[in-house]
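# Close look at the chain arrangement
Residues per chain are reported as follows:
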Amino acid sequence: MTNNFLIKILKTFSKKEMTRFWEFSNSPYHNKHKEVRGLISYLNGIYPDFGEKKANRETIFKKLFPNEKHDQPKLALLFSYSLRLLEKFLSIEQWSQENFRKDLNLLKKL
């Protein structure tokens with residue numbers, strides 16, 4: 001699981017970036033999936049230790065769905081949704097740093 005693209009990106013985050021992504025994922029405007037919030041909260045809780053012991057498929061699934069039998073397709077879908085949310089987060093973070101473009105977009109909208 002440590003080779004998962006979502007986890008690879010999260011490994012590059014500072015603590016501040018990880019906290020901001022966690023906050024972003026808990027915004028109902030950006031994310032309405034309870035399971036995605038659960039996954040990101042779990043990953044935020046183990047950050048920066050994404051080692052095989054804490055970040056393997058079985059452990060993550062058991063933490064998120066304690067009363068269910070391991071279902072890899074369900075977990076894979078959850079990671080896909082989380083990766084899309086991460087991409088949206090990175091896009092918004094980049095956009096917010098580009099003041100000229102931000103102001104130009106606002107002028108167009110007004």
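### Re the packing of helix α2 (residues 15-25) against helix α5 (residues 72-96)
- Remark: α2 packs on α5, axes separated minimally by 10 Å, with the N-to-C direction vectors making an angle of 115°. Overall, the two elements α2 and α5 adopt an arrangement that is roughly perpendicular. Crossing geometry of α2 relative to α5 is assigned as right-handed. Facing α2, whose interface residues are Glu17, Arg20, Phe21, Phe24 and Ser25, α5 presents Ser82, Leu85, Leu86, Lys88, Phe89, Ile92 and Glu93.
- In the contact of α2 with α5, the residues fall into six nonpolar, two polar and four charged.

### Points about the nonpolar core
- Among the nonpolar cores identified, the biggest contains 28 residues, and Leu10, Phe13, Phe21, Leu43 and Leu86 are the most heavily contacted of them.
- Breaking this core down by element, the ones donating at least two residues are α1 (5-11), α2, α3 (34-46), α4 (57-64) and α5.
- The greatest single-element share of this core, amounting to seven residues, is contributed by α5.
- Apart from residues lying up to four places away in sequence, Leu43 is in contact with Leu6, Ile7, Leu10, Met18, Phe50 and Ile60.

### Quick look at the pattern of salt bridges
- A complete count under the given rule lists four salt bridges for this structure.
- For Lys54, the salt bridge is made with Asp49, and the minimal N-O distance between the two is 3.3 Å.
- The class of Asp49 is partly exposed, set by a relative accessible area of 36%.
- Close ionic contact of Glu68 with Lys74 constitutes a salt bridge, the shortest N to O distance being 2.8 Å.

How each quantity is defined
- Residues numbered from 1 in each chain as written.
- Predicted model: local features only at pLDDT ≥ 70, side-chain atom pairs only at ≥ 80, totals over all residues.
- Heavy atoms only, no water.
- Axes fitted to C-alpha atoms, helices over the stretch in contact; angles between N-to-C directions.
- Helix = DSSP H or I, 4+ residues; strand = E, 2+ residues; numbered from the N terminus.
- Parallel < 35°, antiparallel > 145°, perpendicular 65-115°, else oblique.
- Left-handed = near helix turned anticlockwise from the far one by under 90°.
- Contact = heavy atoms within 4.5 Å.
- Nonpolar A, V, L, I, M, F, W, Y, C, P; charged D, E, K, R; others polar.
- Core = buried A, V, L, I, M, F, W, Y, C linked by side-chain atoms within 4.5 Å.
- Buried < 20%, exposed > 50% of the residue type's maximum accessible area, 1.4 Å probe, protein only.
- Salt bridge = Lys/Arg side-chain N within 4 Å of Asp/Glu carboxyl O.

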